[in-house]
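# Summary of the model geometry
If you want the building blocks of each chain, they are given just below.
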Amino acid sequence: MAKVCSLTEMCSPRTAGRRISLFKRLLCVAAACSLCLASCGEQEGPAERTPISFSSVNERGNTNGNIANMGMGVSQGEWIIFTHMEDGGLLKASKDGGRHCFSLMSGLNDIFACINLTGYRLDYISSVYGDINTAMIDDETASALISGTSYCIQTVGGYVYYIDESGDGGVYRFDTESGKSERIGSHAAYDENVTSESSHASFSIDDGYLYYCAADDGSRIYRVELESGAESLIGDVSADMLIADGGSIFFVGSDDRCLYSLSDDGNFKRLTQCAVGTFNFDGRYLFYTDADAAGSPVMRMSRSGSGAVKLCDVTDTMYITLLGDVVMLYCVSDGGSVSTVFVDRGGGDTYSPG
């Protein structure tokens, strides 16, 4: 483990000439523009910083659906932690769904992505440098965890699973106790000639299995049993995005970009007639952007594909993050302006971070 340091110090020198990672390509427009989003409703000023104490602790760092949406936010107990791109990519904490927030670890001079929170431990990918780090949000210390670039990590059961973007592109499992990594699955999940902003299939860890899209095999869907390492092809179809959750498997087809469900025996069903920009799943509802409609509005429907309704009037959503009672939408307009909007799932009210 690297030396732990204060967030006001540099943990280790980083190579300025490192090639641009997928995360940096995806988020550079936001990092370059620290824009202020006008409030969608009446709000008070930022919350006064208070000690963070969690009423419960996550068993896993984040949901598969949030990680597939680049992990811009996570919930634990009554708190939500999220990356506020309009405020220079600072990490924010809120106890009331984003209405009032305060900054965390502002001295690190980093932009947090793919965040996983278990207790006070925050594993994340630096979207400035692309490497994997660990921060402790209670005493504001940080350390490098895994060198090399990645764009997808999951913290589950004492392991950090990640895509080795700067190596062979495979999915690896890092043991936080021993510090050793091992590859899971025989195919690459990342291929520089395949993986892009529109086709950045993440992986899911669900019920003892790894689900991933093989970038070196037509982005077909594979499943690996984590205990035995047994691997099988379960989706003979090309997928641009994948979420497995609670035994349910959903993906965006590469050919038509419609949303599909997939069973373990390889049968799939089309759930939307429209193309989908991104989607998320909370165990009951699917949230997705209708890429065929003007402004790509966010829709919500049942897991079976029925009862589709518009969630709100927010447009240009790039990522959908589900945080308990609120939905966080990260939006980028055609002109490059960036905004973060919260949606109250109960009443549908929208507001910007306070």
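Residues numbered from 1 in each chain as written. Predicted model: local features only at pLDDT ≥ 70, side-chain atom pairs only at ≥ 80, totals over all residues. Heavy atoms only, no water.

Within the structure shown, the criterion is met by eleven salt bridges. With a closest N to O distance of 3.0 Å, D168 and R183 form a salt bridge. In this pair, D168 is assigned in the loop between β11 (159–163) and β12 (171–175) and R183 in strand β13 (residues 181–184), connecting sequence segments 15 residues apart. For R183, a relative accessible area of 31% gives the class partly exposed. Between R173 and E182 there is a salt bridge, with the nearest N and O atoms lying 2.6 Å from each other. We classify E182 as partly exposed; its relative accessible area is 37%. Three or more residues are tied together by salt bridges with common partners; here these are D217, R220 and D236. (Salt bridge = Lys/Arg side-chain N within 4 Å of Asp/Glu carboxyl O. Helix = DSSP H or I, 4+ residues; strand = E, 2+ residues; numbered from the N terminus. Buried < 20%, exposed > 50% of the residue type's maximum accessible area, 1.4 Å probe, protein only.)

Bringing the pairing of strand β4 (residues 90–94) into the picture now. Buried residues dominate β4, accounting for four of its five residues. Hairpin connection, strand β3 (residues 79–84) to β4: the antiparallel pair is bridged by five residues, and G88 has positive phi, about 70 degrees. In this sheet, strand β5 (residues 101–104) lies alongside β4 in antiparallel orientation, the contact comprising four bridges. Note on β5: the bridge partner recorded for L91 is L104. Between β4 and β5, which pair antiparallel in sequence order, lie six residues; one of them, G97, sits at a positive phi of approximately 70 degrees. (Pairing = 2+ DSSP bridges.)

Take the sheet that holds β5 next. Strand pairing in a sheet is mediated by backbone hydrogen bonds. Such pairs are either parallel or antiparallel. With antiparallel pairing, four strands are arranged side by side in an open sheet as β2-β3-β4-β5. In the strand order of this sheet, the two ends are held by β2 (73–76) and β5, each with one partner. Adjacent strand axes in the sheet meet at a mean angle of 25 degrees when their direction is disregarded. Where β2 meets β3, four bridges bridge the pair, whose relative direction is antiparallel. If you follow V74 over to β3, its bridge partner there is I81. (Axes fitted to C-alpha atoms, helices over the stretch in contact; angles between N-to-C directions.)

Right, let's talk about the pairing of strand β16 (residues 220–225) for a bit. Looking along a regular strand, one sees the side chains alternate between the two faces of the sheet. As judged from the six bridges shared by strand β15 (residues 209–214) and β16, these two strands associate in the antiparallel manner. Considered in β16, the bridge of Y212 is made with Y222. Hairpin connection of β15 to β16: five residues between the antiparallel strands, including G218 at a positive phi of 65 degrees. The pairing of β16 with strand β17 (residues 231–235) spans four bridges and is antiparallel. For R223, the partnering residue across the bridge sits in β17 and is S232. Between the end of β16 and the start of β17, which pair antiparallel, lie five residues, with G229 showing a positive phi angle near 85 degrees.

This part covers the environment of D164. Within the secondary structure layout, D164 lies in the loop between β11 and β12. Residue class for D164 comes out buried when judged on its relative accessible area of 16%. A C-alpha to C-alpha distance of 8.9 Å links D164 and A188, two positions 24 residues apart in sequence. Residues in contact with D164, not counting those within four places in the same chain, are T149, G169, G170 and Y172. At a separation of 3.1 Å, a polar atom in the side chain of D164 contacts the main-chain amide nitrogen of G167. (Contact = heavy atoms within 4.5 Å. Polar contact = N/O pair within 3.5 Å; in protein donor to acceptor, adjacent residues only side chain to side chain.)

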